Amino acid sequence: MAQIVILTSALDPSAEILPALGLLSHRVSIAPAEVSALIDPARMSNHPHEIILVDARTELVQAKSLCRLLRTTGVSAPLFAILTEGGLAALTAEWGVDDVILTSAGPAEVEARFRLALGRIGGEEPEDPEITLGPLSIDEAGYSARLRGRPLDLTYKEFELLKYLAQHPGRVFTRSQLLQEVWGYDYFGGTRTVDVHVRRLRAKLGADYEVLIGTVRNVGYRFVPEEAEGTPVDDDAPSLPGSRR
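The structure displayed is predicted, hence computed values, not measured ones.

## Notes on the nonpolar core
Right, on to step 1. In terms of nonpolar packing, the biggest core is built from 28 residues, with Ile 138, Leu 152, Leu 161, Leu 162, Leu 178, Ile 213 and Phe 223 touching the most fellow members.
Right, on to step 2. Elements with a contribution of two residues or more to this core: strand S6 (130-133), strand S7 (136-139), strand S8 (144-147), helix H6 (156-167), helix H7 (175-183), helix H8 (192-205) and strand S12 (220-223).
Right, on to step 3. Examining the composition of this core, we find that 6 residues originate from one element, H6, more than from any other.
Right, on to step 4. Leave out the neighbours within four places in its chain, and Leu 162 touches Leu 136, Ile 138, Ala 145, Leu 152, Leu 154, Leu 201, Ile 213 and Phe 223.
Right, on to step 5. Counting 20 residues, the second largest nonpolar core, distinct from the first, contains Ala 37, Ile 52, Cys 67 and Val 75.

In structure tokens, the structure reads:
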């Protein structure tokens, strides 16, 4: 018998969200479709969980965003999306879920999916949630970053942008690519948003380390750990052939 939490914006009882649960013996609780329901210690005590179900029956865009955000918090419990058959068309790897369950699934199928997911989690070696590149350390599980041991006060998107660049050191990303990967397909803002966040990130890294985020003229940005001791980046300065910015 597992502890299951359903994250939903609906007022429906669990047996209406996923009817098969009413025929199984798992302990089920309902929580708001918010990340804070699982990471806030005060609220988490009311919703212990070994399995997380996200209600994606109707609000597909919100459910996808919630699943993606849950992954960034480092939750280790298996993450499922509850979908209708029509909703399967919107499902992609970007959701970051371990599995999906159709609302029409029978109890035997649901139980088997839970069992397999819990078995995979139990058999995996724990991954190191920390990225360390030169003077920068990023703790994915703790959702924090440090520079030479100094905590960086980053917003959610600043952290996501820094983490994504650091996960691919040296690789150049266009503004459109960063907008897609960090902000998601559902974001309708312009690529200028990326420039603004890069400037803020550089300001928080400080004059000695802002060059960790290099500019490739007319292309985009990349993470440059070997430039940690370099000079401040000037976006308006002309780039020379062979420049490492």
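## Observations concerning the sheet that holds S6
Right, on to step 1. The 4 strands lie next to each other as S6-S7-S8-S9, forming an open sheet whose pairing is antiparallel. Edge positions in the open sheet fall to S6 and strand S9 (150-151), since each of these has one partner strand only.
Right, on to step 2. Bridging between S7 and S8 involves 4 bridges; their strand directions are antiparallel. Paired with Ile 138 across the two strands is Ala 145, which belongs to S8.
Right, on to step 3. Against the sheet, H6 contacts S6, S7 and S8, and its axis sits at roughly 115° relative to S7.

## Focus on the packing of H7 against H8
Right, on to step 1. Packing of H7 against H8 leaves a shortest axis separation of 9 Å and a crossing angle of 80°. Judged on the interaxial angle alone, H8 and H7 are roughly perpendicular. Facing Arg 175, Leu 178, Leu 179 and Trp 183 of H7, the residues of H8 in contact are Thr 193, Val 194, Asp 195 and His 197.
Right, on to step 2. Its residues placed into classes, the contact of H7 with H8 shows 4 nonpolar, 2 polar and 2 charged.

## What to know about unusual backbone geometry
Right, on to step 1. Even without being a glycine, Arg 148 presents a positive backbone phi close to 55°.
Right, on to step 2. Within the element layout of this structure, Arg 148 appears in the loop between S8 and S9.
Right, on to step 3. Phi is positive for Asn 218, which is not a glycine, with a value near 65°.
Right, on to step 4. Within the secondary structure, Asn 218 sits in the loop between strand S11 (213-216) and S12.

What counts, and where the lines are drawn
Residues numbered from 1 in each chain as written. Predicted model: local features only at pLDDT ≥ 70, side-chain atom pairs only at ≥ 80, totals over all residues. Heavy atoms only, no water. Core = buried A, V, L, I, M, F, W, Y, C linked by side-chain atoms within 4.5 Å. Buried < 20%, exposed > 50% of the residue type's maximum accessible area, 1.4 Å probe, protein only. Helix = DSSP H or I, 4+ residues; strand = E, 2+ residues; numbered from the N terminus. Contact = heavy atoms within 4.5 Å. Pairing = 2+ DSSP bridges. Axes fitted to C-alpha atoms, helices over the stretch in contact; angles between N-to-C directions. Parallel < 35°, antiparallel > 145°, perpendicular 65-115°, else oblique. Nonpolar A, V, L, I, M, F, W, Y, C, P; charged D, E, K, R; others polar.

Function cannot be inferred from these measures alone, as they are strictly geometric.
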